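# Reading the structure
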Amino acid sequence: MAKRSAFLDIIKEKGALVLDGALGTELERYGCDIQHKLWSAKVLMDQPDIIKKIHISYLAAGADIIQSSGYQATVAGFKGLGYGTEEAIELVKLSVRLAVQARNEFLEAKASGALTLRGIKLGEETPEGVRYFSEGALPKPLVAASVGPYGAFLADGSEYRGYPDVQTEYLEIFHIPRLALFCEEHPDILSFETIPSYAEAIAIARAMSDPFTSKGIPGWISFSCKDGHHVSSGETIIKCAQMIDKVHPITGIGINCTKPEYVESLIKDIRTVTDKPIAVYPNLGESYDSKTKTWYGDAASFVDYVEVWRKAGAEIIGGCCRTTPEIIGDIAKKIHN
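As the structure is a prediction and not an experimental result, all values here were calculated from the model. (Residues numbered from 1 in each chain as written. Predicted model: local features only at pLDDT ≥ 70, side-chain atom pairs only at ≥ 80, totals over all residues. Heavy atoms only, no water.)

Attention now moves to the overall build of the protein chain. The helix and strand tally for the protein chain stands at 14 helices and 12 strands. A compact globule built from 337 residues would reach a C-alpha radius of gyration of about 20 Å, and the protein chain, at 18 Å, matches this within 12%. Along the first, second and third principal axes, the C-alpha set of the protein chain runs to 55 × 50 × 45 Å. In the protein chain, which comprises 337 residues, the proportion classed as buried is 57%. Long-range contacts, defined here as pairs at least 24 residues apart, represent 77% of the contacts in the protein chain between residues at least 6 apart. Put simply, the protein chain shows about 13600 Å² of open surface, and 51% of that area lies on carbon and sulfur atoms. Of note, the protein chain has its 36 positive side-chain charges centred 2 Å away from the centre of its 44 negative side-chain charges. (Helix = DSSP H or I, 4+ residues; strand = E, 2+ residues; numbered from the N terminus. Rg over C-alpha atoms; globule rule 2.2 N^0.38 Å. Buried < 20%, exposed > 50% of the residue type's maximum accessible area, 1.4 Å probe, protein only. Contact = heavy atoms within 4.5 Å. Areas by Shrake-Rupley, 256 points an atom, 1.4 Å probe, with all protein chains shown as cover. Lys, Arg positive; Asp, Glu negative; His and termini not counted. Charge placed at Lys NZ, Arg CZ, Asp CG, Glu CD.)

Attention now moves to the packing of helix 11 (residues 237-245) against helix 12 (residues 260-271). The contact between helix 11 and helix 12 brings their axes to 8 Å, and the two run at 45°. Taken together, the axes of helix 11 and helix 12 lie oblique to each other. Crossing geometry of helix 11 relative to helix 12 is assigned as right-handed. For the pair formed by helix 11 and helix 12, the contact residues are Ile237, Ile238 and Ala241 on the first element and Leu266, Asp269 and Ile270 on the second. (Axes fitted to C-alpha atoms, helices over the stretch in contact; angles between N-to-C directions. Parallel < 35°, antiparallel > 145°, perpendicular 65-115°, else oblique. Left-handed = near helix turned anticlockwise from the far one by under 90°.)

This part covers the nonpolar core. With 83 residues, the main nonpolar core has Phe78, Phe223 and Ile331 as its most contacted residues. Here the element with the most residues in this core is helix 6 (residues 85-112); it accounts for 11 residues. Beyond its immediate sequence surroundings of up to four residues, Phe78 is in contact with Leu38, Ala41, Leu44, Met45, Ala73, Tyr83, Ala88, Leu91 and Val92. The next biggest cluster of nonpolar side chains, apart from the first, holds 16 residues, and it includes Ile65, Ile189, Trp220 and Cys320. (Core = buried A, V, L, I, M, F, W, Y, C linked by side-chain atoms within 4.5 Å.)

Relative orientation of the contacting elements helix 4 (residues 48-61) and helix 14 (residues 325-336) amounts to 25°, with a least axis distance of 8 Å. One finds that helix 4 runs roughly parallel with respect to helix 14. Remark: the crossing between helix 4 and helix 14 carries right-handed chirality. Together, Ser57, Tyr58 and Ala61 of helix 4 and Pro325, Ile328, Gly329 and Ala332 of helix 14 make up the contact between the two elements.

What follows deals with the sheet that holds strand 8 (residues 250-256). Reading across from one edge, 1-12-9-8-7-6-5-2 is the order of the eight strands in this open sheet, with parallel pairing throughout. One side of each edge strand has no neighbouring strand; the edge strands of this open sheet are strand 1 (17-18) and strand 2 (65-67). Where strand 5 (residues 142-147) meets strand 6 (residues 189-195), four bridges bridge the pair, whose relative direction is parallel. Among the inter-strand pairings, Ala144 is bridged to a residue of strand 6, identified as Ile189. On top of the sheet, helix 8 (residues 168-184) reaches strand 5 and strand 6; it is set at about 160° to strand 5, its chief contact. Sheet strands in contact with helix 11 are strand 7 (219-223) and strand 8, and its direction is about 160° off that of strand 8. (Pairing = 2+ DSSP bridges.)

Scanning all chains against the criterion turns up nine aromatic pairs. The interplanar angle of 35° and the centroid separation of 6.2 Å between the aromatic rings of Tyr150 and Phe153 together place this pair among those described as tilted. Here the residue Tyr150 and the residue Phe153 both occupy positions in helix 7 (residues 150-154), the gap between them amounting to three residues, near one helical turn. On the basis of an interplanar angle of 80° and a centroid distance of 5.5 Å, the ring pair of Phe302 and Trp309 is categorised as edge-to-face. In terms of burial, Phe302 and Trp309 fall into one category: buried. Taking NZ or CZ as reference, Lys239 lies 4.4 Å from the ring centre of Tyr198, over its face. (Phe/Tyr/Trp six-rings, centres within 6.5 Å; stacked < 30°, edge-to-face > 60°. Lys NZ or Arg CZ within 6 Å of the ring centre and 35° of its normal.)

So, on to the pattern of salt bridges. Opposite charge on two side chains permits them to pair, given that their charged atoms come into close proximity. Following the criterion strictly, the structure yields 16 salt bridges and no others. As a salt-bridge pair, Arg29 and Glu26 come within 3.3 Å of each other at their nearest N and O atoms. Residue Arg29 and its partner Glu26 are both found in helix 2 (residues 24-29); the two are separated by three residues, about one turn of the helix. Across the pair Lys93 and Glu90 runs a salt bridge whose closest N-O atoms are separated by 3.9 Å. With a gap of three residues between them, Lys93 and Glu90 both fall in helix 6, about one helical turn apart. The class for Lys93 is buried, based on a relative accessible area of 12%. Residue classification places Glu90 among the partly exposed residues on the basis of a relative accessible area of 36%. Connected via shared salt-bridge partners are Glu90, Lys93, Arg97, Glu184 and Glu185. (Salt bridge = Lys/Arg side-chain N within 4 Å of Asp/Glu carboxyl O.)

What follows deals with the UniProt feature "binding site: Zn(2+)" (unreviewed entry) in the protein chain. Sequence positions flagged by UniProt for "binding site: Zn(2+)" (unreviewed entry) are, in local numbering, Cys257, Cys320 and Cys321. Spanning 65 residues, the named residues nonetheless gather at one spot, since no C-alpha pair among them exceeds 6.5 Å. Turning to its location among the elements, Cys257 is positioned in the loop between strand 8 and helix 12. Mapping Cys321 onto the fold places it in the loop between strand 12 (316-317) and helix 14. (UniProt positions renumbered as here; feature names shortened; annotations may be inferred.)

Next up on the list: the pairing of strand 8. The side chains of a regular strand alternate, residue by residue, between the two faces of the sheet. Within strand 8, seven of the seven residues are buried, leaving the element largely enclosed by the surrounding structure. Of the pairings in the sheet, the one linking strand 7 to strand 8 comprises five bridges and is parallel in character. In the strand pairing of strand 8, Trp220 is matched with Gly252. One crossover worth recording links strand 7 to the parallel strand 8 by way of helix 11, and it is right-handed. Once the chain exits strand 8 it traverses helix 12 before rejoining the sheet at strand 9 (residues 278-281), and the crossover so formed is right-handed. (Right-handed = clockwise from strand over helix to strand, strands pointing away.)

The structure is reproduced here in structure tokens:
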């Protein structure tokens, strides 16, 4: 209860917070192969230090909240690659631990003046006048444990469609033990991301209502949406928000991995039925081919939407697929300046 109240107090005091951006896009910048069933979770096994560097780059850009690399991290997924149960459990928990370590190292480097990103020191400008670093609103940034949907475990793109043949009770069973592992590492927040359906949101709400599982840690449920009024499986965002408004352990509602042009109307719909904080972190505006695992189409003028989203009622703003620390830095300047 105290943790949830503290999170809500931060939102109320600061007005708006900056969330980080894409993990996979940055992993590709570092040369990592993410064309794998476990996506970024595979890098947890092979190159965890790169994940930590990416977390730090978002903090340096001005993010108030960073999300862990747990989106596709599951015990079953790691065991499928030959890891034992205990090893798989440790890898799931490592996703949160790395984010906490990154925050601590960032704060130490910032205090010593030794922080750099792509060769530029904290606060310096490039010859083109671009400042990569921005001050966040919080003296100690928050760590959110990223909890991906059942569709991320399937790795078939169904987090953008839903799974009508899967029972809510099964989805609850899927989420509970994984949620418990993340909570053992004591993140500040839980971010359930790219949830495609009302049914999965119900399953998460039930899991979060068990205090022994969630340990009182605040969390939001963020939906992937097909248009300006409906989540990916077809239910209205209003129906989902009405449910979340009644569930005390869920402290917010989000929209992620959705086209930027849909977000304003989704926020306005949510605001008709709940006063809980709204987090928005759309993708850059392109479309994703789940078969080829590639993006196509034109990117939106992403940062231009920030004031629109704030005016509509969003309190936490960041980016999903294809966004970068530079984009998050531009968002931070708009919000914090």
